[in-house]
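Each chain is listed here by its residues.
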Protein chains: 2
Amino acid sequence: MYLLDRVDQSIRKMKSNAANIMTIGNLSFGGAAIISTLNENYSYSVLFIFIAAFLDRLDGMVARKFGTESELGKQLDSMSDIISFGMAPAILIYTLILNDFGTLGAGFTIIYIASGAFRLARFNITESDGYFTGLPITVAGTLLTFTYFFIQFVPSSFYLLITILLSFLMISTFKLRKV
Amino acid sequence: MYLLDRVDQSIRKMKSNAANIMTIGNLSFGGAAIISTLNENYSYSVLFIFIAAFLDRLDGMVARKFGTESELGKQLDSMSDIISFGMAPAILIYTLILNDFGTLGAGFTIIYIASGAFRLARFNITESDGYFTGLPITVAGTLLTFTYFFIQFVPSSFYLLITILLSFLMISTFKLRKV
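Residues numbered from 1 in each chain as written. Chains lettered and ligands numbered in written order. Predicted model: local features only at pLDDT ≥ 70, side-chain atom pairs only at ≥ 80, totals over all residues. Heavy atoms only, no water.

## A word on the interface of chain B and chain A
Chain B puts 33 residues into the contact, and the matching count from chain A is 33 residues. Note on chain B versus chain A: buried area summed over both sides is about 2800 Å², and carbon and sulfur give 86% of it. Our enumeration of links across chain B and chain A arrives at 0 salt bridges. Put simply, chain B and chain A have 4 residue pairs in polar contact (both at pLDDT 80 or more) between them. Secondary-structure elements contributing two or more residues to the side of chain B that touches chain A are helix H1 (2–38), helix H3 (71–96) and helix H4 (102–124) of chain B. No other element matches H3 of chain B, which puts 12 residues into the side of chain B that touches chain A. Among the residues making up the side of chain B that touches chain A, the classes are represented as 22 nonpolar, 9 polar and 2 charged. (Contact = heavy atoms within 4.5 Å. Buried area = accessible area lost by both parts, 1.4 Å probe. Salt bridge = Lys/Arg side-chain N within 4 Å of Asp/Glu carboxyl O. Polar contact = N/O pair within 3.5 Å; in protein donor to acceptor, adjacent residues only side chain to side chain. Helix = DSSP H or I, 4+ residues; strand = E, 2+ residues; numbered from the N terminus. Nonpolar A, V, L, I, M, F, W, Y, C, P; charged D, E, K, R; others polar.)

Structure (structure tokens):
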């Protein structure tokens, strides 16, 4: 019985770590995206943010499937989210476009990051009820990253607008059904 | 009595918000530090990280003094910490030095950020007992930023060493008395 308990414990531990390792992976791809932007490899940055978004979906699914959702996992997930979908897309779009708008561009970039942080902080202290309150930062960050593909087709001011719009949607309190 | 209650409530609300506004300030200076690094204004970046560190000390003191420590404040504080003392110093030192080490430098930068995130996630699920477990990210980030002043005097490889050392100290489980 003792041995079986130990084996069972080890499997549980591995399963529990599986989700957290994916979260660390998400965060690492977020970090890699930022470093790619610094090195002017913008398409890599976009790719890495999308991989982070994929891992972000996956870790939650794995944790739920294995029944290993943990407080540590939830906290780690928020840290990954602010890096991969807050900082990384903001730095990408700032470097490519918003930079041209001087202080205004810098201000909007900081507002986007601060709104994402506020959204995550509020989420962490709210009980889950099957609804999101405000646009999740994952969605906002993925959308902002996706606008990379339109750079040649839309005016620069569009990026000021989308950045502030996404910020507003994150901190607003409308309800969105989870899917 | 009703009026007095309302006034009392308003004052409580203002006091409660005071700490959170300082936290948002901390986070905004972190964001401004990152943007300064992107714009090659490195000494501004250092200054902004130090201001963020000052606000970080202050918001906790204000919250404790007014007795307005809140779960939202705690969560917001962690978000600020990963930005101002995780991302901002890491991006500064990467841009100035670690960049020269290619993949190794990028890897160490990501390890530093991931260790900071893990340290904060662990802190958020631990009850306070008057001790820190592992080096606080605020201390690690301030120290890493402080090494900026030695750039001309120490070999580049020192920065690889200090980055990995601070990462290790953050995730390690030694106890440090709070001051």
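## A few points about the packing of aromatic side chains
Residues and elements named next belong to chain A. A complete count under the given rule lists 12 aromatic pairs over all chains for this structure. Consider the rings of Phe29 and Phe48, whose centres lie 5.7 Å apart with planes at 55°: the pair is tilted. Residue Phe29 is found in helix H1 (residues 2–38), and its partner Phe48 is found in helix H2 (residues 42–66); the two are separated by 19 residues along the sequence. Residue classification places Phe48 among the buried positions, given a relative accessible area of 18%. Here Phe146 and Phe149 contribute two aromatic rings whose centre-to-centre distance is 5.6 Å and whose plane-to-plane angle is 70°, an arrangement assigned as edge-to-face. Residue Phe146 is classed as partly exposed on the basis of its relative accessible area of 42%. (Phe/Tyr/Trp six-rings, centres within 6.5 Å; stacked < 30°, edge-to-face > 60°. Buried < 20%, exposed > 50% of the residue type's maximum accessible area, 1.4 Å probe, protein only.)

## Describing the relation of the copies chain B and chain A
Rotating chain B by 180° and translating it 0.0 Å along the rotation axis places it on chain A, where the RMSD comes to 0.1 Å. Overall, the copies show the geometry of a two-fold rotation axis. Looking at chain B, 100% of its interface residues are interface residues in chain A too, so the copies touch through the same face. (Least-squares fit on C-alpha atoms with pLDDT ≥ 70 in both.)

## Section: unusual backbone geometry
Residue and element names in this part refer to chain A. At Glu40, a residue that is not glycine, the phi angle is positive and equals roughly 60°. Along the chain, the position of Glu40 falls in the loop between H1 and H2. Here Glu40 falls in the exposed class, since its relative accessible area comes to 58%.

## Digging into the UniProt feature "transmembrane region" (unreviewed entry) in chain A
As recorded in UniProt, the feature "transmembrane region" (unreviewed entry) lies at residues 18–36, 103–121, 133–151 and 157–176 of chain A. Segment residues 157–176 of chain A splits into 75% helix and 10% strand. End C-alpha atoms: 28 Å apart. (UniProt positions renumbered as here; feature names shortened; annotations may be inferred.)

## As for a nonpolar patch on the surface
There is a patch of nonpolar side chains on the surface, built from Phe146, Phe149, Phe150 and Phe153 of chain A and spanning about 440 Å² of accessible area. Considering the arrangement of structural elements, one finds Phe150 of chain A in the loop between helix H5 (137–146) and helix H6 (157–171). (Patch = residues over 30% accessible without salt bridge, like charges linked within 9 Å, V, L, I, M, F, W, Y side chains within 5 Å. Areas by Shrake-Rupley, 256 points an atom, 1.4 Å probe, with all protein chains shown as cover.)

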